[in-house]
Amino acid sequence: MQLSMTRPVPRPNAGIIDDIEREDNRKGYEPDDLTAFHQLVRHLVIDGDRRAANSSRKARRTLADMTLVGQRR
């Protein structure tokens, strides 16, 4: 078998997998992804509250509280 170097190499085309991924990305988060995200956020809030309580402080809950970082009330 002899290979010819005169043929152009075909350009890769987006396949069915790319189409499926694009459609899936347009749908947004799936419930499983969102559930895992909410569990992570809940864990971080609980951990932050625990750390604040251990240091005799209160966790900042509002934007106004957060902008007071480094300022005394």
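Owing to the predicted nature of the structure, the values given are computational and were not obtained by experimental measurement.

Draft legend 1. Representation of the overall build of the chain within the structure. A count of helices and strands for the chain gives 3 helices and 0 strands. Counting from the amino terminus, the chain carries its helices and strands in the arrangement α-α-α. Taken across its 73 residues, the chain has 4% of its residues classed as buried.

Draft legend 2. Structural context of the pattern of salt bridges. Scanning all chains against the criterion turns up 3 salt bridges. Salt-bridge contacts for Arg-22 lead to Asp-19; the nearest nitrogen and oxygen are separated by 3.0 Å. Of this pair, Arg-22 and Asp-19 both sit in helix H1 (residues 16–27), 3 residues apart, roughly one helical turn. Notably, a salt bridge pairs Arg-51 with Asp-47, separated by 3.0 Å at the nearest N-O pair. Separated by 4 residues within a single helix, Arg-51 and Asp-47 lie in helix H2 (residues 31–54), roughly one turn from each other. Here the salt bridges do not stand alone but share partners, grouping Asp-47, Arg-50 and Arg-51 into one network.

Draft legend 3. Spatial organisation of H2. Taking 1.5 Å per residue as the helical rise, H2 with its 24 residues ought to reach 34 Å, and the 34 Å between its terminal C-alpha atoms agrees with that figure. Among the residues trailing H2, Ser-56 stands out with phi positive, at a value near 60°.

Draft legend 4. Summary view of a nonpolar patch on the surface. Among the surface-exposed residues, Tyr-29, Leu-34, Phe-37, Val-41 and Val-45 lie close enough to one another that they form a single nonpolar patch of about 480 Å² accessible area. Mapped onto the secondary structure, Phe-37 falls in helix H2.

Draft legend 5. Representation of a negative patch on the surface. Together, Asp-18, Glu-21, Glu-23, Asp-24, Glu-30, Asp-32 and Asp-33 make up a negatively charged patch on the protein surface. Elements supplying a minimum of two residues to the negative patch: H1 and H2. Sorting elements by how many residues they give to the negative patch places H1 first, with 4 residues.

What counts, and at which threshold
Residues numbered from 1 in each chain as written. Predicted model: local features only at pLDDT ≥ 70, side-chain atom pairs only at ≥ 80, totals over all residues. Heavy atoms only, no water. Helix = DSSP H or I, 4+ residues; strand = E, 2+ residues; numbered from the N terminus. Buried < 20%, exposed > 50% of the residue type's maximum accessible area, 1.4 Å probe, protein only. Salt bridge = Lys/Arg side-chain N within 4 Å of Asp/Glu carboxyl O. Expected span 1.5 Å × (residues − 1). Patch = residues over 30% accessible without salt bridge, like charges linked within 9 Å, V, L, I, M, F, W, Y side chains within 5 Å. Areas by Shrake-Rupley, 256 points an atom, 1.4 Å probe, with all protein chains shown as cover. Lys, Arg positive; Asp, Glu negative; His and termini not counted. Charge placed at Lys NZ, Arg CZ, Asp CG, Glu CD.

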